[in-house]
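# Close look at the chain arrangement
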Amino acid sequence: MSWVFLLVPMADLSTLSSIWGLIIFVAMTDEAEVGSSQHHVLEIESFIHTSVNEKINGGLQWQEAENPLSSFQSFIIIKEKLGRALEWKGSDGHSIYKIPASIRDVEPKAFQPQIISIGPYHRDEKQLQAMEKHKWRLLKHQLENPRIQLEELVHAMKELEQEARTSYDQLANYKISSQDFIEMMLLDGCFILEILDVSVCGNIECGYSFSDPVFNWRSALPFIQRDLLMLENQLPMFVIKQLFPLLDKCTRGSVDDLAFKCFNSIIPGLRVPEVYNRGAHDLHLLNLIREWLVPTFRIVFAELVRNELHSEKKIRMHSVIRLRESGIKFVKREATQLMDIMFEDGNLYIPQLEIHDSTKPIFLNLMAFEQCWPWCSNHVTAYMNFMDGLIDSSKDVGFLREKGIIHHVLGSDDEVAHFFNNCCKEMAYDTVEPYFCSVSFKVNEHFDKKWNRWRATLKQDYLKNPWVITSLFGASFLLLLALVQTTYGVVSYHHPSS
């Protein structure tokens, strides 16, 4: 008989903790028994490891009341969990994000592509597969140009693969091989550039028929444009700009020029700023559009300086109806950026906002991007909060519509009011954001002066009707005559004529 000493993970009979130390003595009589015993010992060891892991993960129902853990055993379990905890290493160059659940739940359809998938997040969804064959068709069409070489395109994408992967914050959850990722960049990048090109130059100029199913304005194209501006549906801009010259499109100007002309029809108030640094934030199309919506740096800086004295005061806008009670007039501001709102001499100047079916998802994705990317201001969110403060009901919308400040093609003014009142749910917002805080402060300063409200009430309630005005002047004239007569009588009494 021989003795074999095996060291296996020790397990307290009540807790099965992962402390090494139990020595199992196994008596062996022959080689067959040794093999059999070794097999049983391995089974025991496996059982102990499984039990410990189940304990750590909460898989077993332990009777801790009867056999409570010691402090050392609790320490071991907690340390195991800490070892598994993720480490935050910063944003790591992320700029394309999965929408947080709290924001998505407010309006799920606003963040879900309807026709086309761009990037990895929606590429396997069944309802978007119909457009994949058109991606290949458009790429084949572009390769008919002898100056475009497929080998060059593939090589360029291979060079950018690792950098492009870092742009997606949750790419680790999507198992995409190198080949599939390169193929995705090539197809999606070429598709985006062809959409921009055809939207600006037309089907015939770019070699497509008038009835092409992708570029038909009556069917797919408006929805494709909207899908291209969803945060989860983006391709890094450096990929698009790398493909641009390789696809022989430099004669069209630049990617920025094509994007501006393409999206100008569905985005209200797009203006390329006078002070515009091309390539400053080459993130993706959504951010490019955002750069053209926000106030210029010069305007923001000036307002920031003026705002220092009251930057700590949290300001909430009053509704249009209440502001009118204080005599504030609403004026449509012409030919300016959407967010260049100004208050001066009792007049609130607001650029026109066009609202259609795509407005809500576009603005929600812009706001979601501001929530996720830590390096940008929250101007879009601030603008929507500002308008949400102005609009409480359909009456507010109706008045702004009459003034030309809001133009919409929705079913009713109630839908517009609902749009603004729900857009800002679950959106974090800095109430002392410099630009709109300054405007709000001036407006509320005017509103808080009682004389302004009294004067406005007089004008609105008594001076609108010409008969009321005539009666008021008549009464005033009679009152003046009575005063003159009384004065004359008093003077005559104290100084009788000789």
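The text that follows walks through the structure, step by step, so that each part is easy to find. For clarity, every value in this text was computed on a predicted model and none was experimentally measured.

### Notes on the side chain of Asp396
Here Asp396 shows up in helix H15 (residues 394-402). Buried charge Asp396 goes without a salt bridge, the closest partner of opposite sign being Arg324 at 7.6 Å. One polar contact links the side chain of Asp396 to the main-chain amide nitrogen of Ile321, over a distance of 3.1 Å. Looking at Asp396, its side chain comes within polar contact range of the main-chain nitrogen of Asp392, at 2.8 Å. When neighbours within four sequence positions are excluded, Asp396 is seen to be in contact with Ser319, Val320, Ile321, Leu390 and Ile391.

### A few points about the sheet that holds strand E5 (residues 347-351)
Ordered in space as E3-E5-E4, the three strands form an open sheet in which the pairing is mixed. Each end of this open sheet is capped by a strand with a single partner; those strands are strand E3 (329-333) and strand E4 (342-344). On average, each strand axis in the sheet is inclined to that of its neighbour by 25°, with strand direction left out of account. For E3 and E5, the ladder comprises five bridges, and the chain directions are parallel. Paired with Arg333 across the strands is Pro351, a residue of E5.

### Focus on helix H13 (residues 359-372)
When the terminal C-alpha atoms of H13 are compared, their 20 Å separation across 14 residues agrees well with the 20 Å that a helix rising 1.5 Å per residue should span. For H13, the tally of buried residues reaches 13 of 14 residues, placing the bulk of the element in the interior.

### Here we look at the nonpolar core
Membership of the largest hydrophobic core comes to 115 residues, with the highest contact counts inside it found for Phe263, Phe330, Leu348, Tyr383, Leu390 and Phe420. Per element, the largest residue contribution to this core is 13 residues, and it comes from helix H6 (residues 178-201). Excluding residues within four positions of it along the chain, Leu390 makes contact with Met317, His318, Ser319, Val320, Leu323, Phe330, Leu348, Ile350 and Asp396.

### Things to note about the packing of aromatic side chains
Across all of its chains, the model carries nine aromatic pairs by this definition. Between Tyr208 and Phe215 the ring centres are 4.7 Å apart and the planes differ by 55°, which places this aromatic pair in the tilted class. On the accessibility criterion, Phe215 (2% relative accessible area) is buried. Ring plane angle 15° and centroid distance 5.6 Å describe the contact between Phe369 and Trp373, whose orientation is recorded as stacked. As far as the burial class goes, Phe369 and Trp373 line up, both buried. A network of ring pairs unites the aromatic residues Tyr121, Tyr168, Tyr174 and Phe181 as a single cluster.

### Describing unusual backbone geometry
Positive phi outside glycine occurs at Asp248, with the angle close to 60°. Note on placement: Asp248 falls in the loop between helix H8 (237-246) and helix H9 (255-263). Looking at Asp248, the relative accessible area reads 30%, which means it is partly exposed. Its identity as a non-glycine residue notwithstanding, Asp345 has a phi of 55°, on the positive side. The exposure class of Asp345 is exposed, given its relative accessible area of 71%.

### A closer look at the packing of H13 against helix H14 (residues 379-390)
Packing of H13 against H14 brings their axes to within 8 Å, and their N-to-C directions diverge by 125°. Overall, the two elements H13 and H14 adopt an arrangement that is oblique. Residues Phe363, Leu366, Met367, Glu370 and Gln371 of H13 pack against His379, Val380, Thr381, Tyr383 and Met384 of H14. Per-class residue counts for the contact of H13 with H14 are six nonpolar, three polar and one charged.

### Remarks on H14
A turn of α-helix holds 3.6 residues, and therefore any two residues three or four places apart point the same way. Relative to the 16 Å expected for twelve residues at 1.5 Å per residue, H14 spans 17 Å between its end C-alpha atoms, a close match to the ideal helical length. Burial within H14 is extensive, with twelve of its twelve residues counted as buried. Here H14 has its buried residues at His379, Val380, Thr381, Ala382, Tyr383, Met384, Asn385, Phe386, Met387, Asp388, Gly389 and Leu390.

### Some thoughts on the packing of H13 against helix H16 (residues 413-423)
Where H13 contacts H16, the axes come no closer than 11 Å and their chain directions differ by 15°. Considered as vectors, H13 and H16 are oriented roughly parallel to each other. The two elements H13 and H16 cross, and the hand of that crossing is right-handed. Residues Thr359, Lys360, Leu364 and Met367 of H13 touch H16, and the partners they reach there are His418, Phe419 and Cys423. Among the residues forming the contact of H13 with H16, the class breakdown is four nonpolar, two polar and one charged.

### What to know about a nonpolar patch on the surface
There is a patch of nonpolar side chains on the surface, built from Phe477, Leu478 and Leu481 and spanning about 320 Å² of accessible area. Here Leu478 is to be found in helix H19 (residues 466-494).

### A word on the pattern of salt bridges
If you walk through the whole model with that rule in mind, you get 19 salt bridges. Here Asp212 and Arg137 are joined by a salt bridge, their closest N and O atoms 2.9 Å apart. Taken together, the positions of Asp212 in the loop between H6 and helix H7 (221-227) and Arg137 in helix H4 (residues 132-142) put the pair 75 residues apart, joining distant regions of the chain. We classify Asp212 as buried; its relative accessible area is 4%. Across the salt bridge formed by Arg401 and Asp413, the nearest N and O atoms sit 2.8 Å from each other. Residue Arg401 is found in helix H15, and its partner Asp413 is found in helix H16; the two are separated by twelve residues along the sequence. Judged by relative accessible area, Arg401 falls into the partly exposed class, the value being 38%. Take Asp413: its relative accessible area is 14%, and that puts it in the buried class. Look at the salt bridges and you will find they share partners, linking Glu194, Asp197, Glu205, Lys249 and Arg252 into a network.

About the criteria used
- Residues numbered from 1 in each chain as written.
- Predicted model: local features only at pLDDT ≥ 70, side-chain atom pairs only at ≥ 80, totals over all residues.
- Heavy atoms only, no water.
- Helix = DSSP H or I, 4+ residues; strand = E, 2+ residues; numbered from the N terminus.
- Buried < 20%, exposed > 50% of the residue type's maximum accessible area, 1.4 Å probe, protein only.
- Lys, Arg positive; Asp, Glu negative; His and termini not counted.
- Salt bridge = Lys/Arg side-chain N within 4 Å of Asp/Glu carboxyl O.
- Polar contact = N/O pair within 3.5 Å; in protein donor to acceptor, adjacent residues only side chain to side chain.
- Contact = heavy atoms within 4.5 Å.
- Pairing = 2+ DSSP bridges.
- Axes fitted to C-alpha atoms, helices over the stretch in contact; angles between N-to-C directions.
- Expected span 1.5 Å × (residues − 1).
- Core = buried A, V, L, I, M, F, W, Y, C linked by side-chain atoms within 4.5 Å.
- Phe/Tyr/Trp six-rings, centres within 6.5 Å; stacked < 30°, edge-to-face > 60°.
- Parallel < 35°, antiparallel > 145°, perpendicular 65-115°, else oblique.
- Nonpolar A, V, L, I, M, F, W, Y, C, P; charged D, E, K, R; others polar.
- Left-handed = near helix turned anticlockwise from the far one by under 90°.
- Patch = residues over 30% accessible without salt bridge, like charges linked within 9 Å, V, L, I, M, F, W, Y side chains within 5 Å.
- Areas by Shrake-Rupley, 256 points an atom, 1.4 Å probe, with all protein chains shown as cover.

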